[in-house]
Each structure stands twice: as C-alpha cells, then as structure tokens.
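# Summary of the model geometry
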Amino acid sequence: MREDDVQRVLQYPATMIGSDGLPHDVHPHPRLWGTFPRVLGRYSRDLGLFPLETAVHKMTALSARRFNLAQRGELRVGFHADVTVFDPHAISDTATFAQPAMPAQGIRYVLVNGVLSYVDGNATMQRGGLFLSSKVR
C-alpha cells in the first residue's frame with residue numbers, strides 16, 4: 001500500500017483500526033505486533049493525523065460497536081476491563097520483517113477482562129480472555 005493512501009484512509013472518521021496478523025504463523029507479519037503501536041506512535045503522535053483519543057476510539061469503542069461486542073470498547077462501570085496502559089510519548093512499534101515478534105515500546109500493562117496479562121514487556125501467563133462472537137450490523 002502507498003503511505004499516502006494509508007494516511008488518507010486512517011483519517012476517515014469511520015475507519016476502524018485492527019490487524020489481520022495471525023499469531024500462530026511460524027513467521028508472522030510484523031503488523032501482528034506493530035499495528036496498534038504504529039497508529040498511536042507514528043500516525044497520531046508523530047504525524048498528527050488525529051488526536052490520541054481518536055486513535056484509541058478507532059481501536060476500541062468504534063470497533064466494539066461495529067461488531068456488536070456488548071460491554072466492550074469503553075471504560076465504563078459494568079463493562080469488561082480490557083485496558084492497555086502505555087506511555088504516549090514512548091509508544092512505538094519495533095517489529096520488522098526480520099524480527100516480526102518484537103514487542104512494542106512504551107506499553108506498561110495490559111489487562112484482559114480485568115486480569116493483568118502483561119507487565120513491562122513480559123506476559124504474566126494469566127489469561128482473562130474468552131471467545132467473543134459477534135453479529136456485524
């Protein structure tokens with residue numbers, strides 16, 4: 001894809017951010033590890049295509065609504081606590097084609113369904129995830 005096309009599409013209000021990277025591939029595409037940090041770091045912070053809040057919305061609430069994932073995508077009482085805590089000044093993707101499974105920089109904690117699953121570059125081996133089915137509207 002051409003970079004100018006990527007930037008134009010990302011700025012469209014209805015564009016959701018997601019990845020089709022496959023975690024069980026022997027040699028995954030770097031987007032598996034780098035999609036979200038790249039949007040937060042490069043496109044939001046560095047290039048200023050949209051505010052950080054818009055980037056997060058495109059990754060969370062907008063996608064959850066589109067895929068009818070009840071009680072997901074927002075920090076609200078009664079919703080599932082899927083939370084990533086990151087440093088907006090340090091977030092960046094580091095995955096490359098040569099080293100596709102490189103963790104992003106700047107991510108401090110990840111909670112999945114309220115379970116602390118990742119701390120400063122290391123998985124905790126605690127699993128809070130579950131299969132979510134959706135009906136696309």
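Numbering of residues starts from 1 in each chain and follows the order in which that chain's sequence is written. Only residues with pLDDT of 70 or above have their local features reported here, since the model is predicted, and side-chain atom pairs are shown and tallied only from 80 upward, although totals for entire chains, interfaces and linings are computed over all residues. The side-chain numbers reported here are obtained from all heavy atoms of the structure, hydrogens and water having been left aside.

## Re the overall build of the protein chain
- To qualify as a helix, a DSSP run of H or I must reach at least 4 residues; to qualify as a strand, a run of E must reach at least 2; elements of each kind are numbered from the N terminus. For the protein chain, the helix and strand inventory stands at 4 helices and 4 strands.
- Along its sequence from the N terminus, the protein chain presents helices and strands in the succession α-α-α-α-β-β-β-β.
- Taken against the 2.2 N^0.38 rule, which gives 14 Å for 137 residues, the C-alpha radius of gyration of the protein chain at 15 Å falls within 12% of a compact globule.
- Here the C-alpha coordinates of the protein chain stretch approximately 40 × 35 × 30 Å along the principal axes.
- Here, residues are in contact when the closest pair of their heavy atoms is within 4.5 Å. If you take every contact in the protein chain between residues at least 6 apart in sequence, the share linking residues at least 24 apart comes to 47%. The globule rule used for comparison is 2.2 Å times the number of residues to the exponent 0.38, while the radius of gyration itself is calculated over C-alpha atoms.

## Comments concerning the sheet that holds strand β1 (residues 83–86)
- Only strands joined by at least two bridges in the DSSP assignment are considered to pair. Taken in spatial order, the 4 strands line up as β1-β2-β3-β4 in an open sheet, and their pairing is antiparallel. The open sheet terminates on both sides in strands that have one partner only, identified here as β1 and β4 (122–123).

## Remarks on the pattern of salt bridges
- Just to be clear on terms, a salt bridge is a Lys or Arg side-chain nitrogen sitting within 4 Å of an Asp or Glu carboxyl oxygen. Per the counting criterion, the structure on display carries 10 salt bridges.
- The closest approach of N and O atoms between glutamate 74 and arginine 76, which form a salt bridge, is 3.5 Å.
- Given a relative accessible area of 28%, glutamate 74 falls into the partly exposed group.
- Within this structure, Arg65, Glu74 and Arg76 form a network of salt bridges that share partners. Per-residue accessibility, obtained with a 1.4 Å probe over protein chains only, is compared with the maximum for each type, and a residue is labelled buried under 20%, exposed over 50%, and partly exposed between these values.

## Things to note about the layout of surface pockets
- The space that makes up the largest pocket amounts to roughly 1,900 Å³.
- Definitions used for this entry: grid spacing 1 Å over protein atoms alone; cavity, a set of points where a 1.4 Å probe fits but cannot get out; pocket, an open set with protein on both sides within 12 Å along at least 5 of 7 lines; lining residue, one with an atom within 4 Å of a point. If you trace the largest pocket, you find 46 residues lining it, with Phe36, Asp82, Thr84, Val110 and Val112 closest to the centre.
- For the lining of the largest pocket, the secondary structure elements donating two or more residues are α2 (31–46), α3 (52–59), α4 (61–66), β1, β2 (107–112) and β3 (115–119).
- Sorting elements by how many residues they give to the lining of the largest pocket places α2 first, with 7 residues.
- Residues are sorted three ways: Asp, Glu, Lys and Arg are charged, Ala, Val, Leu, Ile, Met, Phe, Trp, Tyr, Cys and Pro are nonpolar, and all the rest, Gly among them, are polar. Here the lining of the largest pocket is composed, by residue class, of 27 nonpolar, 14 polar and 5 charged.
- Surrounding the second largest pocket, 22 residues form its lining, Met1, Val6, Arg31, Thr35 and Arg38 being those nearest its centre.
- No other element matches α2, which puts 6 residues into the lining of the second largest pocket.
- In the lining of the second largest pocket, the residues fall into 11 nonpolar, 7 polar and 4 charged. Grid points are joined across faces, edges and corners, and a volume is the space filled by probe spheres set on the points.

## With respect to the packing of aromatic side chains
- Working definition: a ring pair exists when centres of Phe, Tyr or Trp rings (six-membered ring for Trp) sit within 6.5 Å. Plane angles under 30 degrees give stacked, over 60 give edge-to-face, the rest tilted. All told, the structure shown has 0 aromatic pairs when counted by the stated rule.
- One cation-aromatic arrangement involves lysine 58 over phenylalanine 50; the distance from NZ or CZ to the ring centre is 5.9 Å. Two thresholds decide whether a charge sits over a ring: the Lys NZ or Arg CZ must be within 6 Å of the ring centre and within 35 degrees of the ring normal.

## Details of α3
- Within α3, burial applies to Ala55, Lys58 and Met59. Looking straight down α3, one finds that the buried residues subtend no more than 100 degrees of arc, so they occupy a single side. Relevant arc is that of directions from the helix axis to the C-beta atoms, nothing else.

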